[in-house]
Amino acid sequence: MSILVQKFGGTSVASAEGRERAIERIIEAKEKGYQVVVVVSAMGRKGAPYATDTLISLLKDISLEVNPREQDLLIACGEIISSVIMAHNLKALGHDAVAFTGAQAGIITDGAFGKGEILEITPKGILKELEENKIVVVAGFQGVSTEGQVTTLGRGGSDTTATALGVALKAECVEIFTDVDGIMTVDPRMVPEAKILDEVTYKEICEMAHQGAKVIHPRAVEVAMAEQVPIMIKNTFSEARGTLIADSAAERVITGLASLNGLAQVEISDYNGKDSQLAKVEVLRVLASNNISIDLINVSHKGMFFTVEEEKADKAQTLLYEAGFPCEVTKGCAKLSVVGAGMQGIPGVMADLVETLHQAGIKILQTSDSDITVSFLVPETQIKEAINLLHNKFTLKI
Ligand code: ADP
Ligand code: MG
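Owing to the predicted nature of the structure, the values given are computational and were not obtained by experimental measurement.

## Re the nonpolar core
Link 1 in the chain: Of all hydrophobic cores here, the largest spans 43 residues; its most connected members are V37, I126, V138, L165, I205, I216 and I245.
Link 2 in the chain: Core analysis: the second largest hydrophobic core is formed by 24 residues, V13, Y34, V36 and V38 among them.

This is the structure:
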């Protein structure tokens, strides 16, 4: 019998209506003959009683530094509550179901609190329940270390729980249910003309997710890609067909766009008389050893540009100053990325994009490109205009 993994995000399980629709989807799959494993997120967003942010605020309200181990133990409860409620609802409708924590599901992590990675899954317990014809509802976003510590997987971690279970159980497909009709060419909250993509390659959606499209977590895509488990992104609230993530998808020059706000540009305009090779290494080391990650890195023998998260900009500036590299910091920047597996080797893509932005008076602070992505750093005040412009000019043709 084929196994189907279905994941319902916070947007789906937040309301009684959403939970009802989710349950209809689960029962439909069961009636089609699948063995069903469900993964759930915590119920609702900040303000809702069992939402992750609400649980975090319970500790924040106490004037003592938060212990990461204890915080993980607390926030893992959000998904556990959700799994029990869903299993109980299924049982109330006459379908045998059982709720599992991440640990009970056999999800073993590396033990890094708040950002755990799944090392392996021992799905014996799940398989036993499936054999007994039960629907297994697993609490997403969590696992347990080999030392027995409850560990959460970071924001968006339930997506990874779902695809990792899909791989471990050799599922036919992993269905990720959310509040949009599938993966779109761009976030519909940014661009009203966003269009649904019927299919997209793992590589492209992974890149879009890394560049800010939060419809699925990039790690979840990487895990599925490694074993070629197909993912379907569907809407809990509509009958739309959804988007298939698989390598069979056609490659387009431009598939989609994504954006990331809250960045600061750092410019080191000269190395202060130091040898430029050594200076570059020193700058990168100072930042790395202080856990500041950098992006959009442009280096030359004269100086360098890169971006950091805005909230780390002051710290980066101080550290660099102390290391002998005074720098200029521009806050309020955003990165706009254009992704397409078919852009490799096609001349003129960058020229078309730059020309369009330039003609509209968008200030390009920096650019970068890799095999399937072109990115622009622009002022945050212009990001919405820029993304609408490029989207509507270049993707409406596909
Ligand atoms: P869930 O709670 O189901 O995990 P998320 O809020 O994490 O839901 O993800 C769904 C949201 O992702 C959508 O409401 C949409 O605004 C946003 N999103 C960003 N980029 C895209 C995109 N390219 N396609 C579809 N949705 C996107
Ligand atoms: Mg999500």
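## What about the packing of helix 11 (residues 349-359) against helix 12 (residues 383-394)?
Link 1 in the chain: As a packed pair, helix 11 and helix 12 sit with axes 10 Å apart at the nearest point and diverge in direction by 130°. When the interaxial angle is binned, helix 11 and helix 12 end up oblique. Pair helix 11 / helix 12 crosses with right-handed handedness. Contacts between helix 11 and helix 12 involve D352, L353, T356 and L357 on the former and, on the latter, A386, L389, L390, K393 and F394.
Link 2 in the chain: For the contact of helix 11 with helix 12, the residue count by class is 6 nonpolar, 1 polar and 2 charged.

## Description of the packing of aromatic side chains
Link 1 in the chain: Scanning all chains against the criterion turns up 1 aromatic pair.
Link 2 in the chain: With centroids separated by 4.8 Å and ring planes inclined at 10°, the aromatic side chains of F8 and F177 adopt a geometry described as stacked. A residue pair is termed long-range when its members are at least 10 positions apart, and F8 in strand 1 (residues 3-8) and F177 in strand 9 (residues 173-178) qualify at 169 residues.
Link 3 in the chain: Classification of F177 as buried rests on a relative accessible area of 3%.

## Digging into the side chain of S337
Link 1 in the chain: Along the chain, S337 falls in strand 16 (residues 328-339).
Link 2 in the chain: A relative accessible area of 0% means that S337 is categorised as buried.
Link 3 in the chain: Polar side-chain contacts of S337 include one of 3.3 Å to the side chain of Q211.
Link 4 in the chain: With residues near it in sequence (within four places) discarded, S337 still touches Q211, G256, L257, A258, T373, V374 and S375.

## Describing the sheet that holds strand 5 (residues 118-121)
Link 1 in the chain: With mixed pairing, 4 strands are arranged side by side in an open sheet as 5-4-7-8. Two strands close off the open sheet at either side, each with one partner strand: strand 5 and strand 8 (150-152). Averaged over all pairs of adjacent strands, the angle between their axes in this sheet comes to 45°, without regard to strand direction.
Link 2 in the chain: Here strand 4 (residues 107-109) runs beside strand 5; their pairing, made up of 3 bridges, is antiparallel. Note on strand 5: the bridge partner recorded for I108 is E120.
Link 3 in the chain: Along the sheet, helix 4 (residues 68-92) contacts strand 7 (142-145) and strand 8; its crossing angle with strand 8, the most-contacted strand, is approximately 75°.
Link 4 in the chain: Across the sheet, helix 6 (residues 157-168) touches strand 4, strand 5 and strand 7, and the angle it forms with strand 5 is around 40°.

## Description of the pairing of strand 14 (residues 295-299)
Link 1 in the chain: As defined by bridge partners, strand 14 adjoins strand 15 (residues 304-309) across 3 bridges and the pair is classed as antiparallel. The partner of V299 across the bridge, within strand 15, is M304.

## Some points on the pattern of salt bridges
Link 1 in the chain: Enumeration over the complete set of coordinates arrives at 17 salt bridges.
Link 2 in the chain: We note a salt bridge from R69 to E70, for which the minimum N-O separation is 2.8 Å.
Link 3 in the chain: Note on E70: relative accessible area 41%, which makes it partly exposed.
Link 4 in the chain: A salt bridge links E117 to R219; the shortest N-O distance between them is 3.5 Å. In this pair, E117 sits in the loop between strand 4 and strand 5 while R219 sits in helix 8 (residues 218-227), placing the two residues 102 residues apart along the sequence.
Link 5 in the chain: Assessed through its relative accessible area of 37%, E117 is described here as partly exposed.
Link 6 in the chain: Three or more residues joined by partner-sharing salt bridges are found here, namely K128, E129, E132 and K134.

## What about helix 7 (residues 202-210)?
Link 1 in the chain: The buried fraction of helix 7 is high, at 7 of 9 residues.
Link 2 in the chain: Listing the buried residues of helix 7 in full gives Y202, E204, I205, C206, E207, M208 and A209.
Link 3 in the chain: As for helix 7, its buried residues are in contact with strand 10 (199-200), helix 8, strand 12 (243-245), strand 13 (256-268), strand 16 and strand 18 (373-379).

Reading the values: rules and limits
- Residues numbered from 1 in each chain as written.
- Chains lettered and ligands numbered in written order.
- Predicted model: local features only at pLDDT ≥ 70, side-chain atom pairs only at ≥ 80, totals over all residues.
- Heavy atoms only, no water.
- Core = buried A, V, L, I, M, F, W, Y, C linked by side-chain atoms within 4.5 Å.
- Buried < 20%, exposed > 50% of the residue type's maximum accessible area, 1.4 Å probe, protein only.
- Axes fitted to C-alpha atoms, helices over the stretch in contact; angles between N-to-C directions.
- Helix = DSSP H or I, 4+ residues; strand = E, 2+ residues; numbered from the N terminus.
- Parallel < 35°, antiparallel > 145°, perpendicular 65-115°, else oblique.
- Left-handed = near helix turned anticlockwise from the far one by under 90°.
- Contact = heavy atoms within 4.5 Å.
- Nonpolar A, V, L, I, M, F, W, Y, C, P; charged D, E, K, R; others polar.
- Phe/Tyr/Trp six-rings, centres within 6.5 Å; stacked < 30°, edge-to-face > 60°.
- Polar contact = N/O pair within 3.5 Å; in protein donor to acceptor, adjacent residues only side chain to side chain.
- Pairing = 2+ DSSP bridges.
- Salt bridge = Lys/Arg side-chain N within 4 Å of Asp/Glu carboxyl O.

Spatial relationships are all this shows, so hold off on functional conclusions.
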